[in-house]
Amino acid sequence: MNKRGHVLNAILLAIGVGFVLEPAADLETARTIIEISVPIVLGALFPDVDTAFGRHRKTLHNLPVLVVVFAYPFVFGNLQYVWIGVLSHYVLDVIGSKRGIALFYPLEREFGLPAGVTTSSDYADLVTVIITGVELAVFWGLNTALSGVEFDVLRFVRGLGL
Ligand SMILES: [Zn+2]
């Protein structure tokens, strides 16, 4: 997938995630979309930095990098939402070309699909939009499931008298 596809995906993703987090379609929804759009777009652009530093589709296209970016908000209190862009970049690269990505780098093996919709295809944008829709459905599902879990954890902690 090229930069255009990654940015299109990230912007649509930010709008969708904004509505998942703040479904009321009010000022808070708009504020959330603005808050998360830049981090998600930056996250979606980040993996291809390995075209200049490291080896493309390996050095910054793997699960250890995703774990580090995901952990940042918990450890340092910054880089919130960047992981969404990074993860979505991986998904688009796996689906958007026949070549895969080295998910377990430094292991060399690249994981991908046997077929792909290349960036030169007339359907590239359509496929990007469809993939974004599927990602949003998954995010909505996870968000719904995890908010319940969070509540239970809180109740458990309160139950301990902490
Ligand atoms: Zn890439």
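The rules behind each value
Residues numbered from 1 in each chain as written. Predicted model: local features only at pLDDT ≥ 70, side-chain atom pairs only at ≥ 80, totals over all residues. Helix = DSSP H or I, 4+ residues; strand = E, 2+ residues; numbered from the N terminus. Contact = placed C-beta atoms within 7 Å. Expected span 1.5 Å × (residues − 1). Buried ≥ 20, exposed ≤ 12 C-beta atoms within 10 Å, placed from the backbone. Core = buried A, V, L, I, M, F, W, Y, C linked by C-beta atoms within 7 Å. Axes fitted to C-alpha atoms, helices over the stretch in contact; angles between N-to-C directions. Parallel < 35°, antiparallel > 145°, perpendicular 65-115°, else oblique. Left-handed = near helix turned anticlockwise from the far one by under 90°. Nonpolar A, V, L, I, M, F, W, Y, C, P; charged D, E, K, R; others polar.

Enquirer: Give a description of the environment of His-56 that names residues and reports values.
Expert: Relative to the helices and strands, His-56 resides in the loop between α2 (27-45) and α3 (63-75). For the pair His-56 and Ser-97, spaced 41 residues apart in the sequence, the C-alpha separation amounts to 14 Å. When sequence neighbours within four positions are dropped, the list of residues in contact with His-56 reads Asp-50 and Thr-51.

Enquirer: Describe helix α4 (residues 82-95), naming the residues involved and giving the relevant values.
Expert: Compared with an ideal rise of 1.5 Å per residue, which puts 14 residues at 20 Å, α4 spans 21 Å between its outermost C-alpha atoms and is within 8% of the ideal. Of all 14 residues that make up α4, 12 are buried, and the element is covered over most of its length.

Enquirer: Any details on the nonpolar core? Residues and values, ideally.
Expert: Core analysis: the biggest nonpolar cluster contains 20 residues, and Ala-10, Leu-13, Ala-14, Ile-40, Trp-83, Ile-84 and Val-86 have the highest contact counts within it. Counting residues per element, this core draws most heavily on α4, at 7 residues.

Enquirer: Can you tell me about the packing of α3 against α4, naming the residues and giving the values?
Expert: As a packed pair, α3 and α4 sit with axes 8 Å apart at the nearest point and diverge in direction by 160°. The angle between α3 and α4 places the two elements in the roughly antiparallel class. You can see that α3 and α4 cross each other, and the crossing is left-handed. Facing α3, whose interface residues are Val-65, Leu-66, Val-69 and Phe-70, α4 presents Val-82, Trp-83, Val-86 and Leu-87. Broken down by class, the residue content of the contact of α3 with α4 amounts to 8 nonpolar, no polar and no charged.

Enquirer: An account of the packing of α2 against α4 is needed here, citing residue identities and associated values.
Expert: Between α2 and α4, whose axes approach to 6 Å, the crossing angle comes to 35°. Pair α2 / α4 crosses with right-handed handedness. Residue-level contacts link Pro-39, Ile-40, Val-41, Leu-42, Gly-43 and Ala-44 of α2 to Val-82, Trp-83, Ile-84, Gly-85, Val-86, Ser-88 and His-89 of α4. Here the contact of α2 with α4 is composed, by residue class, of 9 nonpolar, 4 polar and no charged.

Enquirer: Give me the lowdown on the environment of Lys-58, citing residues and values where you can.
Expert: Secondary-structure assignment places Lys-58 in the loop between α2 and α3. The class for Lys-58 is partly exposed, based on 17 C-beta atoms found within 10 Å. Distance from Lys-58 to Phe-104, taken between C-alpha atoms, is 8.6 Å for residues 46 residues apart in sequence. Here Lys-58 is in contact with Asp-50, Ala-102 and Tyr-105, once residues within four sequence places are set aside.

Enquirer: An account of unusual backbone geometry is requested, with residue identities and associated values reported.
Expert: Omega for the bond connecting Tyr-105 with Pro-106 falls within 30 degrees of zero, at 15°, which places this linkage in the cis form. Examined against the element boundaries, Pro-106 turns out to sit in the loop between α4 and α5 (124-159). Positive phi is not limited to glycine here, since Arg-57 has a value of about 65°. With respect to the helices and strands, Arg-57 occurs in the loop between α2 and α3. C-beta crowding within 10 Å serves as the criterion here: with 23 such atoms nearby, Arg-57 is assigned to the buried category. Backbone geometry at Leu-79 places phi at a positive 65°, although glycine is not the residue there. As for its position among the elements, Leu-79 is in the loop between α3 and α4. By the C-beta count within 10 Å, which is 18 here, Leu-79 ends up partly exposed.

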